[in-house]
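Structural characterization, general
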Amino acid sequence: MTSTPGPVETEIRQRLEAEFSPRELIVSNDSAMHSGHSGDDGSGESHFTVTIVSDAFAGVSRLQRQRMVNGALGDLPGQRVHALAIKARAPGEA
């Protein structure tokens with residue numbers, strides 16, 4: 001059973017879709033695995049993993065891809081999201 005995405009997860013998805021027109025985008029809410037840990041604000045939307053495949057990442061270093069994703073997310077990381085794991089790839093990369 002899949003739960004309905006919360007407002008933070010929805011905003012992450014919308015911002016990344018608008019910025020990168022991804023071929024693949026998976027936003028996983030990992031917050032339940034961190035319940036009661038540092039950074040858990042009780043909202044159920046504090047920890048995420050993003051997997052994104054976009055032409056925008058072709059020829060771009062891993063570090064720059066991380067910066068691009070964080071830039072597209074603006075104030076979300078560090079403000080409303082405590083932890084964000086980013087897996088950014090260009091099409092055809094494993």
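Note on numbering: residues in each chain are counted from 1, in written sequence order. pLDDT decides what is reported in this predicted model: residues at 70 or higher carry local features, side-chain atom pairs at 80 or more are listed and counted, and totals for whole chains, interfaces and linings draw on all residues regardless. Remark: hydrogens and water are excluded; side-chain values derive from all non-hydrogen atoms of the structure.

**Notes on the nonpolar core**
By convention a nonpolar core is built from buried Ala, Val, Leu, Ile, Met, Phe, Trp, Tyr and Cys residues, the set being connected through side-chain atoms within 4.5 Å. Burial here depends on accessible area, computed with a 1.4 Å probe over protein chains only, as a share of the maximum for the residue type. Under 20% is buried, over 50% is exposed, and the range in between is partly exposed. Ile 12, Leu 16, Phe 20, Val 50, Ile 52, Phe 57 and Val 69 are the most contacted members of the largest nonpolar core, which has 18 residues in total. Under the scheme used here, helices are H or I runs from DSSP no shorter than 4 residues and strands are E runs no shorter than 2 residues, and both carry numbers assigned from the N terminus. Elements with a contribution of two residues or more to this core: helix H1 (7-20), strand S1 (24-29), strand S2 (47-53), helix H2 (62-73) and strand S3 (83-89). A total of 4 residues in this core trace back to one element, the largest contributor, which is H1. Any two residues whose heavy atoms approach within 4.5 Å at even a single point are treated as in contact. Ile 12 has contacts with Val 27, Phe 48, Val 50, Leu 73, Leu 76 and Val 81, leaving out every residue within four places of it along the chain.

**Focus on unusual backbone geometry**
Excluding glycine, residues mostly carry a negative phi; peptide bonds, for their part, are mostly trans. Despite not being glycine, Ser 21 shows a phi value in the positive range, around 40°. Relative to the assigned elements, Ser 21 resides in the loop between H1 and S1.

**Some thoughts on the side chain of Arg 65**
Mapped onto the elements, Arg 65 comes out in helix H2. For Arg 65, a relative accessible area of 7% corresponds to the buried category. Any pair of N or O atoms that falls within 3.5 Å is considered a polar contact. Within protein, one atom must be able to donate a hydrogen and the other to accept it, and sequence-neighbouring residues count only if both atoms are side-chain atoms. Of the polar contacts made by the side chain of Arg 65, one reaches the backbone oxygen of Phe 57; its length is 2.8 Å. When neighbours within four sequence positions are excluded, Arg 65 is seen to be in contact with Phe 57, Val 60, Ala 88, Arg 89, Ala 90 and Glu 93.

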